[in-house]
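# Analysis of the macromolecular model
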Number of protein chains: 2
Amino acid sequence: MRAYPRSLARLIEELEKLPGVGPKTAQRLALHLLHASAEDAAALAEAIQDVKQSIRECPVCFNYTDADLCPVCSDPHRDEATLCVVGEARDLLAMERAGGLRGRYHVLGGLLSPMDGIGPESLRISELLARVREGKIREVVLATNPTVEGDATAMYLAAQLRPLGVRVTRIALGLPVGGDLDYADDVTIARALEGRTEM
Amino acid sequence: MRAYPRSLARLIEELEKLPGVGPKTAQRLALHLLHASAEDAAALAEAIQDVKQSIRECPVCFNYTDADLCPVCSDPHRDEATLCVVGEARDLLAMERAGGLRGRYHVLGGLLSPMDGIGPESLRISELLARVREGKIREVVLATNPTVEGDATAMYLAAQLRPLGVRVTRIALGLPVGGDLDYADDVTIARALEGRTEM
């Protein structure tokens, strides 16, 4: 692309490395940044570097943090008795967006997947069991994804957690709100039927 | 969103300012950058600031440049006799991607739009006429967008350019390649019929 100045071509190239950003989107973003105020462009550039430098794992729940403890673990108003287990930190963020849980979290750092060589020792399961053994937690909500790996992980964890005397629950599977029976897959409909509740 | 560390929330906020990037995409991009290599993240941050600092307008054609002249104007292998007129520098980049023209360009910096107060004096028309008066140019290709504003601009420029003794042409209007008659709008079909060529 001879018509691009070198620095513009380089920015487009870097933007194309982002997920879901193809050549056309990369060019549109690059031209937007070129015409954005110097403050906005600098703010984005600094935010990128700041995130890389400041974000690490919370030592308690393995959520993202830029302080000693993550925002959830350092929040004194959280319910100490409820612990929600998720696969990845982004799942924790999704749960928080939904705002349904006022407890604490534990991020496993993945899901069991023997085919990919991910066994229990690759995940933060011993850390989870240690937290539960401390005795404050009364319910563990298994909120791993409703996939083969997420279900297998939930079943494995349930077997490990039950002997510790805590209530173990799994998030409900069923039709998404606003969904359409006609478009739902058979497995989802079957799970929605299985999980039916009294009205 | 209490669960986000401050620096991550700030990056998401900055990314949301980009065109076509909503909260979910911004979060996905932010988490991607968080997990990207330090080199990739630094390269993107530097590319953003570099573009803001180095890119300016080419003094001849008003394309983007980070040198004295833009890559097209400084290319000695371009046809001096053909000048392609476009509205914005991004249109120039689109023409170059298509690769059909080996001439030079002139970026107007917009299109005539009396409703928005954009008259001939707001565009780089006097600069265009001055280039043509130098005498090397034999054909001016009007490649402004096929919109009301682009057509009006092309008609205005044609009237200004014809007295200077150059050939004035307009890019063809018709069905897009791979398009479908059934999905094309009536105006496009009418223009495609008007512009029909011998086979």
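As a reminder, the structure under discussion sits directly above these lines.
This section reports on the structure supplied with the text. (Residues numbered from 1 in each chain as written. Chains lettered and ligands numbered in written order. Predicted model: local features only at pLDDT ≥ 70, side-chain atom pairs only at ≥ 80, totals over all residues. Heavy atoms only, no water.)

### A word on the environment of Gly109 of chain A
Residues and elements named next belong to chain A. So the rule is basically this: Each helix is a run of H or I in the DSSP string that is no shorter than four residues. Each strand is a run of E no shorter than two, and both are numbered from the N terminus. In what follows, a contact means two residues having at least one pair of non-hydrogen atoms within 4.5 Å.
Here Gly109 is to be found in the loop between strand 4 (104-107) and helix 5 (125-133). C-alpha separation for the pair Gly109 and Val86, spaced 23 residues apart in sequence, amounts to 8.3 Å. When neighbours within four sequence positions are excluded, Gly109 is seen to be in contact with Gly87, Glu88, Leu123 and Arg124.

### Structural notes on the packing of helix 3 (residues 38-54) of chain A against helix 1 (residues 6-16) of chain B
Counted only if it meets this: Every axis in this analysis is a line fitted to C-alpha atoms, fitted for helices over the stretch in contact. Angles between the N-to-C directions lie between 0 and 180 degrees. If you view the pair so one helix is near and one far, a crossing is left-handed when the near helix is turned anticlockwise from the far one by less than a right angle, and right-handed when it is turned clockwise. Residue type decides the class: Asp, Glu, Lys and Arg count as charged, Ala, Val, Leu, Ile, Met, Phe, Trp, Tyr, Cys and Pro as nonpolar, and the leftover types, Gly among them, as polar.
At a minimum axis distance of 9 Å, the contact between helix 3 of chain A and helix 1 of chain B shows a crossing angle of 145 degrees. Our pair here, helix 3 of chain A against helix 1 of chain B, has a crossing hand that is left-handed. Residues Asp40, Ala43, Leu44, Glu46, Ala47, Ile48, Asp50, Val51 and Ser54 of chain A of helix 3 of chain A form the contact with helix 1 of chain B, whose own contacting residues are Arg6, Ser7, Leu8, Arg10, Leu11, Glu14 and Leu15 of chain B. Grouping the amino acids of the contact of helix 3 of chain A with helix 1 of chain B by side-chain chemistry returns eight nonpolar, two polar and six charged.

### Let's talk about the interface of chain B and chain A
Put simply, the test is: By convention, the term buried area covers the 1.4 Å-probe accessible surface removed from two parts as they join, with the contributions of both added. Here, a salt bridge means any Lys or Arg side-chain nitrogen found within 4 Å of an Asp or Glu carboxyl oxygen. Whenever a nitrogen or oxygen atom comes within 3.5 Å of another N or O atom, the pair is scored as a polar contact, on the condition that within protein one atom can donate a hydrogen and the other can accept it, and that pairs from neighbouring residues in sequence are kept only if both atoms are in side chains.
Taken together, the contact pairs 57 residues of chain B with 58 residues of chain A. For the pairing of chain B and chain A, the buried interface totals around 5200 Å² over both sides, and the portion due to carbon and sulfur atoms is 65%. At the boundary of chain B with chain A, the tally comes to six salt bridges. Measuring nitrogen to oxygen at the nearest pair gives 3.4 Å for the salt bridge that ties Lys17 of chain A to Asp40 of chain B. For the interface between chain B and chain A, the tally reads 20 residue pairs in polar contact (both at pLDDT 80 or more). Contributing elements (two or more residues each) for the side of chain B that touches chain A: helix 1, helix 2 (23-35), helix 3 (38-54), strand 2 (64-65) and helix 4 (89-98) of chain B. A per-element tally of the side of chain B that touches chain A places helix 3 of chain B first, with 15 residues. A per-class count over the side of chain B that touches chain A returns 29 nonpolar, 10 polar and 18 charged.

### Side note on helix 5 of chain A
Residue and element names in this part refer to chain A. Selection rule: Here's how the labels work: a residue is buried when its accessible area is under 20% of the maximum for its type, exposed when over 50%, partly exposed in between, all with a 1.4 Å probe on protein chains only. By arc we mean the arc of the directions from the helix axis to the C-beta atoms, nothing more.
Residues of helix 5 that are buried: Ile125, Leu128, Leu129, Arg131 and Val132. In a view along the axis of helix 5, the buried residues occupy a sector of 160 degrees, so they form one face of it. Residues Ser126 and Arg133 are exposed on helix 5 and point more than 90 degrees away from its buried face. Contact partners of the buried residues in helix 5: strand 3 (82-86), strand 4, strand 5 (139-142) and helix 6 (148-161). Count one or two residues on from helix 5 and you reach Gly135, which has phi positive near 100 degrees.

### Focus on the sheet that holds strand 4 of chain A
Residues and elements named next belong to chain A. In plain terms, the rule: Note on pairing: DSSP must find at least two bridges between two strands before they are called paired.
Strand order in the open sheet made by the four strands is 4-3-5-6, with parallel pairing throughout. Single-partner strands in this sheet number two, and they are strand 4 and strand 6 (167-170). Each strand axis lies, on average, 25 degrees off the axis of its neighbour in the sheet, ignoring direction. Two elements, strand 5 and strand 6, share four bridges in a ladder whose sense is parallel. Each bridged residue has a counterpart across the sheet, and for Val141 the counterpart in strand 6 is Thr169. Across the sheet, helix 5 touches strand 3, strand 4 and strand 5, and the angle it forms with strand 4 is around 155 degrees.

### Looking at the pattern of salt bridges
For the structure on display, the rule yields 22 salt bridges over all chains. Its salt-bridge partner being Arg10 of chain A, residue Asp50 of chain B comes within 3.3 Å of it at the nearest N-O pair. In this pair, Asp50 of chain B sits in helix 3 while Arg10 of chain A sits in helix 1 (residues 6-15), so the two residues belong to two different chains. Asp75 of chain B is paired through a salt bridge with Arg102 of chain B; the nearest N and O atoms lie 3.9 Å apart. In this pair, Asp75 of chain B sits in the loop between strand 2 and strand 3 (82-86) while Arg102 of chain B sits in the loop between helix 4 and strand 4 (104-107), placing the two residues 27 residues apart along the sequence. Asp75 of chain B sits in the buried class, given a relative accessible area of 10%. Judged by its relative accessible area of 37%, Arg102 of chain B falls in the partly exposed class. Within this structure, Asp75, Arg78, Glu96 and Arg102 of chain A form a network of salt bridges that share partners.

### With respect to empty space enclosed by the protein
This is how it is decided: Cavity and pocket criteria rest on a 1 Å grid covering protein atoms alone: a 1.4 Å probe that fits but cannot get out defines a cavity, protein on both sides within 12 Å along at least 5 of 7 lines defines an open pocket, and an atom within 4 Å of a point defines a lining residue. Grid points are joined across faces, edges and corners, and a volume is the space filled by probe spheres set on the points.
A full pass over the atoms with the stated rule returns two cavities of 30 Å³ or more. Counted as a void, the largest cavity has a volume near 50 Å³. Glu14, Lys17 and Leu18 of chain A together with His32, Leu33, Ala36, Asp40 and Leu44 of chain B are the residues that line the largest cavity. Elements represented by at least two residues in the lining of the largest cavity include exactly helix 2 and helix 3 of chain B. Per-class residue counts for the lining of the largest cavity are four nonpolar, one polar and three charged. As a volume, the second largest cavity reaches approximately 40 Å³. Along its surface, the second largest cavity is lined by Leu15, Leu18, Leu33, Leu44 and Ile48 of chain A together with Leu15, Leu18, Leu44 and Ile48 of chain B. Along the lines of polarity and charge, the residues of the lining of the second largest cavity split into nine nonpolar, no polar and no charged.

### Digging into the state of the cysteines
All names here are of chain A. Note the following rule: Whenever a pair of cysteine sulfur atoms sits within 2.5 Å, that pair is classed as a disulfide.
In total, this model carries zero disulfides over all chains according to the counting rule given. Cys61 takes part in no disulfide bond, and the closest cysteine sulfur to it belongs to Cys70, at a distance of 3.6 Å. Taking the relative accessible area as the measure of exposure, Cys61 reaches 0% and is therefore buried. With no disulfide partner, Cys73 has as its closest neighbouring cysteine sulfur the one in Cys61, 3.6 Å distant.

### As for the sheet that holds strand 6 (residues 167-170) of chain B
Backbone hydrogen bonds hold the strands of a sheet together, and the pairing may be parallel or antiparallel. All names here are of chain B. The strand order 4-3-5-6 describes an open sheet built from four strands, whose pairing is parallel. Strands with a single pairing partner mark the edges of an open sheet, and in this sheet they are strand 4 and strand 6. Strand-to-strand twist across the sheet, computed as the mean angle between neighbouring axes with direction ignored, equals 25 degrees. Across the face of the sheet, helix 5 (residues 125-133) comes into contact with strand 3, strand 4 and strand 5 (139-142) while running at roughly 155 degrees to strand 4.

Geometric descriptors of this kind do not, in isolation, establish any biological role.
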